[in-house]
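Observations on chain architecture
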Amino acid sequence: MLSGLTFRRREAILGWVMASPWLLGFLAFTLGPMIASLILSLYDWDLISPALLVGWGNYREFFVDDPLSLHSLRITLFYSLMAIPLHLVLGVILAMLLNANIRGQSVIRTVYYLPAVLAGVAVAMLWRWIFSPDFGLLNLFLSYFNIEGPNWLGNRTWVLPSFVIMSLWGVGGGMVIYLAGLQGIPTDLYEAVEIDGATAFRRIWHITLPMLSPVIFFQLIMGVISSMQIFTQAFIMTDGGPANASLFYMLYLYRQAFEYRNMGYASVLAWILFLCILALTLLLFRTASAWVYYEAETQRT
C-alpha cells in the first residue's frame, strides 16, 4: 500500500503510526477530559441531577463568594515558598558532599535516595507518628535538650512548618539529579581556577553553581509543579485541620468534587490551579536568561 509513496512520505506515515498509541491516549485521557472539565465549569452538576447551566457563576463563587478557595490557594503558595528553596539548597549541598571521593560513597547515596521512592501514604503515616505530641520521635528528641515540643499537627502555627519538614524526606530524589549535573562539569575548569588561587567558595560560586544552573532551573520548575499539587500528606495527616490551617488547594478541590459533589465548581478549581502553575512556570522561564547558564549557547555565540 505504501509502495507508491516517496521514502520521506512513508517515513512520516510510519512515524505517525508509531506515535498513534500515545496520541490516542493523550486525546482520550488528557486533552478530552480537560476540554470536558472546561465545559463543565460553566455548569452546576452533582453527578446525579441533570447539569444546570450557570455560566460564570462558578467563577464568581471562587473569587467573590467562597473565602476558602483563596485561603487554600494562599496556604499552598506559602508552603511552596518555604519548601522549594529548602529542597534546592539541601539537594545541592548533599550532592556536593556526596560527589567527593569518600569511602562507601555508593551506599551513602543509596541511603539518601531510598526515602524518595517510598509510597506517599506510608510516608504520611510514618511522619504522623513522628509528629505525635505524646509519643512522637521528634518531641522525644527535643526533650533531651529540655525543650518541650509543640503539638505539631494540631497547632495552627506549626502545622505548615511540619509539612515543610516532612517534605525534606524526599530531598534525595533531587540530590541524584544534582549529582548527575555535578559529574558533567569539566574538571579542567576547577584545575584552571585552582592554578589562579581561587578559594573553595569562589570555585563553587563561579564554577559549580553556574554550570549547575540548568539542573537547578529544572528542579525549580518541577518543585513548583509538585508543591502546588500537595494532597496525600494533608489528606492523611490533618484532613485540612486544625481550623483549615492546612487546607491545601488540592485537598479543597477533592472535597468539592467527591465529598460535596460540586463537579462544576471543582472544575473551576482545577482550571485555576492549572493557570496558576502555568503562570508561575512562564514567569520562571522569563527570568531564566538572567541566571541560567547554558554552555552550548555560549559556544555558539
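- The name that an unreviewed UniProt entry assigns to the protein chain is Sugar ABC transporter permease, with the source organism given as Caldilineaceae bacterium SB0662_bin_9.
- Its UniProt record gives the protein chain a comment under Sequence similarities (unreviewed entry), which states: "Belongs to the binding-protein-dependent transport system permease family."
- If you open the UniProt record of the protein chain and go to Subcellular location (unreviewed entry), you find "Cell membrane".

Some points on the domain arrangement of the protein chain
- Each domain of the protein chain was delimited in the assignment, giving domain 1 (1-40) and domain 2 (58-298).
- For domain 1 and domain 2, the distance between their C-alpha centroids amounts to 35 Å.
- The contact between domain 1 and domain 2 buries some 460 Å² in all, and 67% of this surface belongs to carbon and sulfur atoms.
- When the area that domain 1 buries against domain 2 is broken down by residue, the three leading residues are Met34, Leu38 and Leu40, summing to 80%.
- Where domain 1 meets domain 2, there are zero salt bridges.

Thoughts on the packing of aromatic side chains
- Applying the stated rule across the entire model yields 18 aromatic pairs.
- Both rings, one in Phe141 and one in Phe145, keep their centres 5.2 Å apart while their planes meet at 65°; by these two values the pair is edge-to-face.
- Note on Phe141: relative accessible area 46%, which makes it partly exposed.
- With 5.9 Å between their ring centres and 70° between their planes, Phe217 and Trp291 make a pair best called edge-to-face. Within this pair, whereas Phe217 is found in helix α10 (residues 200-227), its partner Trp291 is found in helix α13 (residues 263-291), the two being separated by 74 residues in sequence.

Overview of the UniProt feature "transmembrane region" (unreviewed entry) in the protein chain
- The residues that UniProt annotates with the feature "transmembrane region" (unreviewed entry) are residues 12-43, 77-98, 110-130, 158-182, 203-225, 231-252 and 264-285.
- For residues 77-98, the helix share is 100%, the strand share is 0%, and the end-to-end C-alpha distance is 31 Å.
- The span residues 264-285 shows a helical share of 100% and a strand share of 0%, and its end C-alpha atoms are spaced 32 Å apart.

Brief notes about the packing of helix α2 (residues 57-65) against α13
- Between α2 and α13, whose axes approach to 9 Å, the crossing angle comes to 65°. For the element pair α2 and α13, the recorded crossing hand is right-handed. Here Asn58, Tyr59, Glu61, Phe62 and Phe63 of α2 come into contact with α13, specifically with Gly264, Tyr265, Val268, Leu269 and Ile272.
- When its residues are assigned to classes, the contact of α2 with α13 shows seven nonpolar, two polar and one charged.

Parameters and conventions
- Residues numbered from 1 in each chain as written.
- Predicted model: local features only at pLDDT ≥ 70, side-chain atom pairs only at ≥ 80, totals over all residues.
- Heavy atoms only, no water.
- UniProt positions renumbered as here; feature names shortened; annotations may be inferred.
- Domains from an automatic or database assignment.
- Buried area = accessible area lost by both parts, 1.4 Å probe.
- Salt bridge = Lys/Arg side-chain N within 4 Å of Asp/Glu carboxyl O.
- Phe/Tyr/Trp six-rings, centres within 6.5 Å; stacked < 30°, edge-to-face > 60°.
- Buried < 20%, exposed > 50% of the residue type's maximum accessible area, 1.4 Å probe, protein only.
- Helix = DSSP H or I, 4+ residues; strand = E, 2+ residues; numbered from the N terminus.
- Axes fitted to C-alpha atoms, helices over the stretch in contact; angles between N-to-C directions.
- Left-handed = near helix turned anticlockwise from the far one by under 90°.
- Contact = heavy atoms within 4.5 Å.
- Nonpolar A, V, L, I, M, F, W, Y, C, P; charged D, E, K, R; others polar.

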